[in-house]
Amino acid sequence: MKKFFTGFNLLVFSFLWAQNNNDFGQISGNFQSDFQYYIQDTLIDPSGDANPDERILGTGFLNLTYTRGNFIAGVRYENYQNQRVGLPEGYDSEGITYRYARFIQSGFDVTAGNYYEQFGSGLVLRTYEERGLGIDNNLDGLRMIYQPSNGLTFKGIIGRQRNYFEKSEGLVRGFDAEWSLKPTLGWEGNTNFILGGSFVSKFESANDPELNIPENVGSGAIRVNLITGDFNIYGEYAYKSADPNAFNSYIYKPGNALYVAASYASNGLGTSLGFKRYDNFFFKSQRESDLQQLFINYLPSLTTLHTYALPALYSFNTQGNGEMGFQAEVSYNFERKTFFGGKYGTLITLSYANSYSLDKDYKLRPRYSPADTTIIDSVLRGSQGYSSSYFGRGPFTYFQDFHVEIKKKLSKNWKATATYYNFIYNNSTLIKGASDFDYVEAGSTPEIFYVNAGVLELLYKIKPRHSLRTEIQGLFTQQDRGNWALLLMEYSIAPSWFFAVQDAYNYGNPDEDLQIHYLSANVGYFFATTRLQIGYGRQQQGVFCVGGICRIVPASNGFTFGVTTNF
Amino acid sequence: MKFYAPLFLVAFLAMSFATLAQDKLPAIKIKDLNGNIIDAASLSNDGKPMVISFWATWCKPCIRELNAINDQYIDWQDETGVKLVAISIDDSRNSAKVKPFITGQGWEYPVYLDENSELRRALNVNNIPHTFLLDGQGHIVWQHNGYIPGDEDHLYELINQVVEGKKIGK
């Protein structure tokens, strides 16, 4: 690490001194900090277990980017003092977690240090940062991108992933090529055809007393994308060699993944249709690690990301060990001065998505008694796992989401959005992390929630720069925590102030002691590129889901203070 | 302690030589909706002001902002020649839906994809919506994070100041 910086500093200096003019480049950056003062709340946390001993906890991020022409360098400092309630346990330290130098010239783009990269849709490689969720799987190493001509791109990467404040045990290497036919062949018009292929492998030494574990695991993907003016279809297929690891119960079955997304958009009509089939396709740079850490790949979920608070309680997360499903969406903008459009026009969106298990036929591994050859038992660990018919539908539904949204400007000062949701939610699989094999072995069935929800959002422009936004939400289910009602009111004065109060009332909780109000209030102030926010609230228990893994965030109560700024 | 050394060094450099704040769009590759790779540094509006807005299909304030501007966009263009470029940071989970989404919304803006947030990071964008205002020479003269209804009126005042050649107070 130290050596790197010496080199990095020299590089920066040499660039600065090599030029005899006054252009010394620019430094820019951003800063974010969040603090919380926790109050013990006996209603949501009777034992006090979720209340941190520290009382006050804070996190901070500072990014600095130096740009001079084609040269970019940057560092990020992070601190977690200490682990904040809701973040994974490894985030309890401080230090430089990201630093790089990058040079871009005449078709070459070279990065040394930490970098984020994505091949295709991410089926075999994607590194990214999602700070709020505690995700950062950046690679530390080298990346070279070469574009010999317009339309051709080659990428080569090597590195080790970030694991909290340490590095992964595994090494990741990859290569990607993409060929866009239109610029290469000089096609006229809007039609384009893009072909791509990638190869990614990881190496991690193995020393298992029982199993002969492959130390090198390779994966490859091919993709095609056809685009005409209005129509677009993208398909990617990926394959991975045997990769027994803690997340697939150490089975030797090779993995495969297919992702197809098509869309047609013209004259106010937007449609999309997607299909996914992921079979044993968790790809991590370590065979054993914390749940959310060290993903090499990213499997698109093909479901809508809901952001209203109540519908977001039942969010889907991709099942990398095996799932298939599709999503269809249609939206149409009824023009103004038509029957459905009214005076200002109406936008209607219909969306359906589902996800269910693969049709698996398990092939267990018999274990023999050392004395004779009698079979003691049969286990998944070390076996071929299962075989699955490609389009066969398995016995378990993981998720179903149907929603309709109507968006309309009612008058000069009023805008409204109304949404209805219907979910089928497999709590055992999506939240508790049960595998299909657990049900098969126990002969049980998963716990399913049936949920209906509605949200009405109104935006009222009181006078220039003053507006009031209201959300009225309801969520109805016989299972889980029962019914909820939520009211949010947000008054804002552009360009500097907002005041918001929210009450989420879990009036239908089967446990009467938990039929409580989750009240919160926030004030925000913006000036130039800085935003200050101060608030108080009782936070309900929530779920964070990423990359097929969900984490339960405990309930909390307290004051929050946040700053973000850019410079 | 050794971790802090480069941080101080960079901060020191900032104070001594470099100009603070990003001046121009960096040479990072983004994609247009036809799959063509575009260099962000090449985005321009023929000497007229340009607004760069980072958004995503799941970001409600972003959509409110772009809809509010869309309502007045024709007048803005007629009066100032301004162009708004919308950069979606939707990842592969949603990037295929960007085209049908904007068609449904009826937006006239050129839209680009920054699927793995490369440009977003290079411009130090923390959260979206995040809006940049560039003058006719491509210099970033103003930026703003977040959206409150009515912010578009303030933005339009600033666009007019750029057209009139006034310096924008930060």
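Residues numbered from 1 in each chain as written. Chains lettered and ligands numbered in written order. Predicted model: local features only at pLDDT ≥ 70, side-chain atom pairs only at ≥ 80, totals over all residues. Heavy atoms only, no water.

Caption draft 1: A look at the overall build of chain B. Across its full length, chain B carries five helices and eight strands. Each helix (α) and strand (β) of chain B, taken in turn from the N terminus, gives the series α-β-β-β-β-α-β-α-β-α-β-β-α. Across the 170 residues in chain B, those meeting the buried criterion constitute 64%. Once local pairs closer than 6 in sequence are excluded, the contacts in chain B between residues at least 24 apart make up 69%. If you sum the accessible surface of chain B, you get close to 6,400 Å²; carbon and sulfur atoms cover 53% of it. (Helix = DSSP H or I, 4+ residues; strand = E, 2+ residues; numbered from the N terminus. Buried < 20%, exposed > 50% of the residue type's maximum accessible area, 1.4 Å probe, protein only. Contact = heavy atoms within 4.5 Å. Areas by Shrake-Rupley, 256 points an atom, 1.4 Å probe, with all protein chains shown as cover.)

Caption draft 2: Representation of the nonpolar core in the model. Core analysis: the largest hydrophobic core is formed by 55 residues, its most contacted members being B:Ile52, B:Phe54, B:Trp55 and B:Leu133. Ignoring sequence-local partners within four residues, the contact set of B:Leu133 consists of B:Pro49, B:Met50, B:Val51, B:His139, B:Ile140, B:Val141, B:Trp142, B:Leu158, B:Ile159, B:Val162 and B:Ile168. (Core = buried A, V, L, I, M, F, W, Y, C linked by side-chain atoms within 4.5 Å.)

Caption draft 3: Local environment of the packing of aromatic side chains. All names here are of chain A. Under the defined criterion, the tally for this structure stands at 44 aromatic pairs over all chains. Seen from their ring centres, Tyr91 and Tyr164 are 4.9 Å apart, and the 90° between their planes marks the pair as edge-to-face. Linking Tyr91 in the loop between β3 (71-81) and β4 (94-105) with Tyr164 in the loop between β9 (152-163) and β10 (166-167), this pair joins segments that are 73 residues apart in sequence. For the pair formed by Tyr91 and Tyr164, the shared burial category is buried. Measuring from centroid to centroid gives 5.0 Å for Tyr390 and Phe391, while their planes differ by 75°, and the two rings are edge-to-face. Relative accessible area serves as the criterion here: at 61%, Phe391 is assigned to the exposed category. Taken together, the ring pairs in this structure connect Tyr314, Phe316, Phe399, Tyr421, Phe423, Tyr425 and Phe449 into an aromatic cluster. Over the aromatic face of Tyr386 sits the side chain of Lys360, whose NZ or CZ is 4.5 Å from the ring centroid. (Phe/Tyr/Trp six-rings, centres within 6.5 Å; stacked < 30°, edge-to-face > 60°. Lys NZ or Arg CZ within 6 Å of the ring centre and 35° of its normal.)

Caption draft 4: View of helix α2 (residues 60-80) of chain B. Residues and elements named next belong to chain B. The axis of α2 is deflected most strongly, by about 60°, at Gln72. For α2, every residue scored as buried is listed here: Cys62, Ile63, Arg64, Glu65, Leu66, Asn67, Ala68, Ile69, Asn70, Tyr73, Trp76 and Thr80. Just downstream of α2 lies Gly81, where phi reads positive at about 75°. (Bend = angle between axes of the 7 residues up to and from the residue.)

Caption draft 5: Fine view of the interface of chain B and chain A. In this complex, chain B contributes 70 residues to the contact, which on the side of chain A involves 102 residues. In this assembly, chain B packs against chain A so that about 6,800 Å² is buried in total across both faces, 54% of it on carbon and sulfur atoms. Elements with a minimum of two residues in the side of chain B that touches chain A: α1 (4-16), β1 (19-20), β2 (29-32), α2, α3 (98-105), α4 (118-122), β8 (140-145) and α5 (151-163) of chain B. (Buried area = accessible area lost by both parts, 1.4 Å probe.)

Caption draft 6: Structural detail: the side chain of A:Ser28. On the secondary structure map, A:Ser28 appears in strand β1 (residues 26-38). Within polar-contact distance, the side chain of A:Ser28 engages the side chain of B:Asn124 at 2.8 Å. (Polar contact = N/O pair within 3.5 Å; in protein donor to acceptor, adjacent residues only side chain to side chain.)

Caption draft 7: The arrangement of the pairing of strand β5 (residues 108-115) of chain A in detail. Residue and element names in this part refer to chain A. With six bridges connecting them, β4 and β5 associate as antiparallel partners. For Gln105, the partnering residue across the bridge sits in β5 and is Phe108. Alignment of β5 against strand β8 (residues 139-146), held across eight bridges, turns out to be antiparallel. By the bridge assignment, Thr111 is partnered in β8 with Arg143. (Pairing = 2+ DSSP bridges.)

Caption draft 8: Representation of the confidence of the model for chain A in the model. Residues with a pLDDT of 70 or more make up 94% of chain A, whose mean pLDDT is 90. Scored below 50 in pLDDT, residues 17-21 of chain A makes three contacts in the model with residues more than four places away or belonging to other chains. (pLDDT = per-residue confidence, 0-100.)

Caption draft 9: Representation of the state of the cysteines. Residues and elements named next belong to chain B. Counted according to the given criterion, the structure contains one disulfide over all chains. Disulfide partner of Cys59: Cys62, at an S-S distance of 2.0 Å. Disulfide Cys59-Cys62: the torsion about the S-S bond is 75°, which places it as right-handed. Like Cys59, the residue Cys62 is buried in the burial classification. (Disulfide = S-S within 2.5 Å.)

Caption draft 10: Main features of the pattern of salt bridges. All names here are of chain A. Using the criterion set out here, one finds 39 salt bridges over all chains in the structure. Between Asp136 and Arg76 there is a salt bridge, with the nearest N and O atoms lying 2.7 Å from each other. Here Asp136, found in strand β7 (residues 135-136), pairs with Arg76, found in strand β3; they are 60 residues apart in sequence, far enough to count as distant. Overall, Arg76 belongs to the buried group, its relative accessible area being 1%. Here the salt bridges share partners, and the residues they tie into one network are Arg76, Glu78, Glu129, Arg131, Asp136 and Arg162. (Salt bridge = Lys/Arg side-chain N within 4 Å of Asp/Glu carboxyl O.)

Caption draft 11: Representation of the domain arrangement of chain A within the structure. Residue and element names in this part refer to chain A. What the domain assignment lists for chain A is domain 1 (117-300) and domain 2 (310-447). Relative placement of domain 1 and domain 2: their C-alpha centres are 21 Å apart. Contacts between domain 1 and domain 2 engage 31 residues on the former and 33 residues on the latter. Counting the surface lost from both domain 1 and domain 2, the interface buries some 2,500 Å², and carbon and sulfur atoms represent 48% of this. Considering only the side of domain 1, the residues that lose the most area to domain 2 are Lys276, Arg277 and Tyr278, jointly responsible for 23% of the buried surface there. Applying the counting rule to domain 1 against domain 2 returns four salt bridges. Note that Arg365 and Glu210 form a salt bridge whose closest N and O atoms lie 2.9 Å from each other. (Domains from an automatic or database assignment.)

Caption draft 12: Up close: the confidence of the model for chain B. Overall, the prediction assigns chain B a mean pLDDT of 87, with 86% of residues at 70 or greater. Of all helices and strands in chain B, the one with the weakest mean pLDDT is α1(B) (53), whereas strand β5 (residues 83-88) of chain B scores best (97).

Caption draft 13: Local environment of the environment of A:Ser492. Mapping A:Ser492 onto the fold places it in strand β25 (residues 484-493). The exposure class assigned to A:Ser492 is buried, which follows from its relative accessible area of 3%. In this structure the C-alpha to C-alpha distance between A:Ser492 and A:Asp438, which are 54 residues apart in sequence, comes to 51 Å. Those residues within four positions of A:Ser492 in sequence are excluded, and the remaining contacts are A:Arg465, A:His466, A:Ser467, A:Trp497, A:Phe498, B:Ile148 and B:Pro149.

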